[in-house]
Each structure stands twice: as structure tokens, then as C-alpha cells.
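# Observations on the model geometry
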Amino acid sequence: MLDLFSLSFFVTTVLQNMGEIFMTYEHVYVASVCLANQAQVLQAFIEADRHNGPSFVVAYSPCIQQQVRPSLNDMFDECRLAVDTGYWPLYRYNPALVAESKNPFILDSKK
């Protein structure tokens with residue numbers, strides 16, 4: 001039987017790997033976002049909308065009903081902590097940049 005930590009680790013690992021899997025397809029826009037960095041979320045959604053083809057955006061957003069942290073403000077702190085520690089990387093993979101001879105992978109987080 002899986003406990004809550006094992007289940008959350010499994011789900012997070014699978015979702016992070018889903019982004020990596022979709023990046024192997026050369027025509028799919030992929031982004032990993034976190035609600036604490038709203039500018040990056042907006043940039044990813046705009047790029048995903050403008051992309052001529054399928055888009056996959058995965059977001060890290062802890063649920064306040066799981067009561068990991070008690071309030072909505074703590075949710076943003078939890079998101080920042082996940083990004084700052086490298087647990088949840090922020091990136092965008094835009095295959096349209098290949099036509100411009102640019103690197104399609106953009107790492108938005110520091111780690």
C-alpha cells in the first residue's frame with residue numbers, strides 16, 4: 001500500500017518525465033511552470049497558444065485541501081521552495097525556435 005508521500009513522489013516524477021517524453025517529439029511545445037512565477041506561466045501560456053501544433057504545459061500547484069500547508073499564501077511559498085531547491089524545474093521547449101537557428105530549450109529556473 002502506498003502512503004501519501006510515495007504517491008505524491010510518483011505522480012510528480014511521472015509528470016516531470018512526461019515533459020521530457022513530449023520533448024522527444026519535434027513538433028510539440030512543452031512547458032513546466034509554477035504558479036509562484038506568474039510571468040513565466042503567462043509567457044508559457046502565450047507561447048503554447050501561438051504554437052502551430054500540440055502543446056503540453058504541466059504546472060506545479062500544491063493543493064490546499066491536502067493540508068500540506070494551511071493557507072493559500074503558503075501555497076505560493078511552497079511553489080517557490082520547490083523551484084528554488086530544484087525540485088520543480090521551470091522550462092519551456094519551443095520547437096519553432098529551431099527554424100530561427102536558436103536553442104528550443106529555455107531553462108527559466110536557476111537550478
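Residues numbered from 1 in each chain as written. Predicted model: local features only at pLDDT ≥ 70, side-chain atom pairs only at ≥ 80, totals over all residues. Heavy atoms only, no water.

### Side note on the side chain of Arg92
Turning to its location among the elements, Arg92 is positioned in strand β3 (residues 91-93). Only 2.8 Å separates the side chain of Arg92 from the side chain of Asp108, close enough to count as a polar contact. With near-sequence residues (within four places) excluded, Arg92 lies in contact with Tyr29, Val30, Ala31, Gln40, Gln43, Ala44, Glu47, Pro104, Phe105, Ile106 and Asp108. (Helix = DSSP H or I, 4+ residues; strand = E, 2+ residues; numbered from the N terminus. Polar contact = N/O pair within 3.5 Å; in protein donor to acceptor, adjacent residues only side chain to side chain. Contact = heavy atoms within 4.5 Å.)

### Notes on unusual backbone geometry
Positive phi values are uncommon outside glycine, yet Ser101 reaches one of about 60 degrees. Among the secondary structure elements, Ser101 is positioned in the loop between β3 and β4 (105-107). Taking the relative accessible area as the measure of exposure, Ser101 reaches 70% and is therefore exposed. (Buried < 20%, exposed > 50% of the residue type's maximum accessible area, 1.4 Å probe, protein only.)

### Considering the sheet that holds strand β1 (residues 29-34)
Read from one edge of the open sheet, four strands run β2-β1-β3-β4, paired in mixed fashion. Both outer strands of the open sheet, β2 (55-60) and β4, are each paired with one neighbouring strand and no more. Going across the sheet, the axis of each strand differs from the next one's by a mean of 10 degrees, ignoring polarity. Sheet analysis places β1 next to β3, joined by three bridges and oriented antiparallel. Looking at β3, one finds that Ala31 is bridged to Arg92. Strand contacts of helix α2 (residues 38-50): β1, β2 and β3, with the helix running at about 160 degrees to β1, the strand carrying the most contacts. (Pairing = 2+ DSSP bridges. Axes fitted to C-alpha atoms, helices over the stretch in contact; angles between N-to-C directions.)

### With respect to the pairing of β2
Across the two faces of β2 the burial differs, with Phe56, Val58 and Tyr60 buried and Ser55, Val57 and Ala59 not buried at all. At this point the chain moves from β1, through α2, to the parallel β2, and the crossover so formed is right-handed. (Right-handed = clockwise from strand over helix to strand, strands pointing away.)

### Here's the deal with α2
Here α2 is 13 residues long and its end C-alpha atoms lie 18 Å apart, about the 18 Å a rise of 1.5 Å per residue gives. Residues of α2 that are buried include every one of Gln40, Val41, Ala44, Glu47 and Ala48, and no others. Within α2, the buried residues cover an arc of 135 degrees as seen down the axis, which keeps them to one side. Away from the buried face of α2 by more than 90 degrees, exposed residues Gln38, Ala39, Leu42, Asp49 and Arg50 are located. The inward-facing, buried residues of α2 contact β1, β2 and β3. (Expected span 1.5 Å × (residues − 1). Arc of directions from axis to C-beta.)

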